[in-house]
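# Observations on chain architecture
So the chains spell out like this:
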Amino acid sequence: MNKIHITSIFLIGTAVLANCNLFAKEHLEIKKLASSLSSPVGMAFDSKGYLYIANWSARRIDRYRSGKIETVIKDIPSPSGLAIDSKDTLYVATYSGGVIYKVQNGKKSNFISGLSVVAGIAFDDNGNLLVAERGKSRVLSVSPEGKISVLADKGLTTPVAAIQTGKDRYVINDITGTIYLYQAKNAKFTVLSKTLNAPAAGLILDPFQPDSILTVDYGGTGLYRISLTDGKTEQLTDKPISPVGLIADTGSKELYIAAWGDNSLYKITLQRSHHDD
């Protein structure tokens, strides 16, 4: 289940990965976009195509688009997870502050508070916010009105990310090295993969391949694909070092990775072969 298939070919400046099983006759290209970040964690796109990035150690939120990066929110205590809803409302989790902020039209307010070491956040299929509360070893579900319920707790150690992957089915990253498949209906945990050293807050549905997820290894390097059917784990890239944030631009099917290793933002682009039909 945990065998890694590494099929990387790296060139200077830009890494091109051939035959990495995203699709036949296709390649991956990885390119550095910015190197002015500061311990980046969560990322989220708004409807205009701006990419928001939480800079944990700099207490700020940056915004990136078309080669330009700017700071849009300051003085956030250890910002970690980010999520943006359908109305372009930005939600910002704080790692040390125990608060998730809600930012609308540039105005910040408390959405929920009293939490303990919040890492990744993401919306489920019903618009509830999934919150990986690392400090209390649990995952919460928070309604749009701010009502909190516990989605998963017993069996977790240090959860840092959670996403919904089907009806009552979730994937949870635990930074101790385990990635779980969780069935909420019967509160059942199944170990999906134990290949990564420290699965990070970057956890998304795979936009290229059905019934799989993509995640990154903060305790190592690169991007991984994990099958939800059999747990097969493939390393798709071995760069960057200590990646934490991961998001997909669903329109272009491009991936973005934020790394602690060099405090940089990377773009991964799928390159189609000219021989495709």
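## Let's talk about the pairing of strand β6 (residues 68–74)
In this sheet, β6 lies alongside strand β5 (residues 60–65) in antiparallel orientation, the contact comprising 6 bridges. In the sheet register, Arg 63 faces β6, and the bridge partner there is Glu 70. Hairpin connection from β5 to β6: 2 residues lie between these consecutive antiparallel strands, with Ser 66 at a positive phi of about 50°.

## A short note on the sheet that holds strand β15 (residues 159–166)
Sheet architecture is open: 4 strands sit in the order β15-β16-β17-β18, paired in antiparallel fashion. Bordering the open sheet on either side are β15 and β18 (188–193), each of which pairs with just one other strand. Strand-to-strand, the axes of this sheet are offset by a mean angle of 25°, without reference to chain direction. Where β15 and strand β16 (residues 169–174) come together, 6 bridges link them in antiparallel fashion. Each bridged residue has a counterpart across the sheet, and for Gln 164 the counterpart in β16 is Tyr 170.

## Digging into the side chain of Ser 38
Note on placement: Ser 38 falls in the loop between β2 (26–34) and β3 (40–45). When its relative accessible area of 17% is taken as the criterion, Ser 38 is described as buried. With sequence-adjacent residues up to four places away left out, Ser 38 is seen in contact with Asn 55, Trp 56, Ser 57, Ala 58, Arg 60 and Asn 263.

## Digging into the packing of aromatic side chains
This structure, assessed with the given rule, holds 8 aromatic pairs. With a centroid separation of 5.5 Å and an interplanar angle of 70°, the aromatic rings of Phe 45 and Tyr 256 are classed as edge-to-face. Remark: Tyr 256 occurs in strand β24 (residues 254–259) and Phe 45 occurs in strand β3; sequence separation between them is 211 residues. Residue Tyr 256 is classed as buried on the basis of its relative accessible area, which comes to 9%. Each ring, one from Tyr 182 and one from Phe 189, has its centre 4.5 Å from the other, and the planes form 40°; the classification is tilted. Given a relative accessible area of 3%, Tyr 182 falls into the buried group. Assessed through its relative accessible area of 23%, Phe 189 is described here as partly exposed. Taken together, the ring pairs connect Trp 56, Tyr 95, Tyr 218 and Trp 260 into an aromatic cluster. Its guanidinium or amino end placed over the ring of Tyr 101, Lys 108 lies 4.7 Å from that ring's centre, counting from NZ or CZ.

What counts, and where the lines are drawn
Residues numbered from 1 in each chain as written. Predicted model: local features only at pLDDT ≥ 70, side-chain atom pairs only at ≥ 80, totals over all residues. Heavy atoms only, no water. Pairing = 2+ DSSP bridges. Helix = DSSP H or I, 4+ residues; strand = E, 2+ residues; numbered from the N terminus. Axes fitted to C-alpha atoms, helices over the stretch in contact; angles between N-to-C directions. Buried < 20%, exposed > 50% of the residue type's maximum accessible area, 1.4 Å probe, protein only. Contact = heavy atoms within 4.5 Å. Phe/Tyr/Trp six-rings, centres within 6.5 Å; stacked < 30°, edge-to-face > 60°. Lys NZ or Arg CZ within 6 Å of the ring centre and 35° of its normal.

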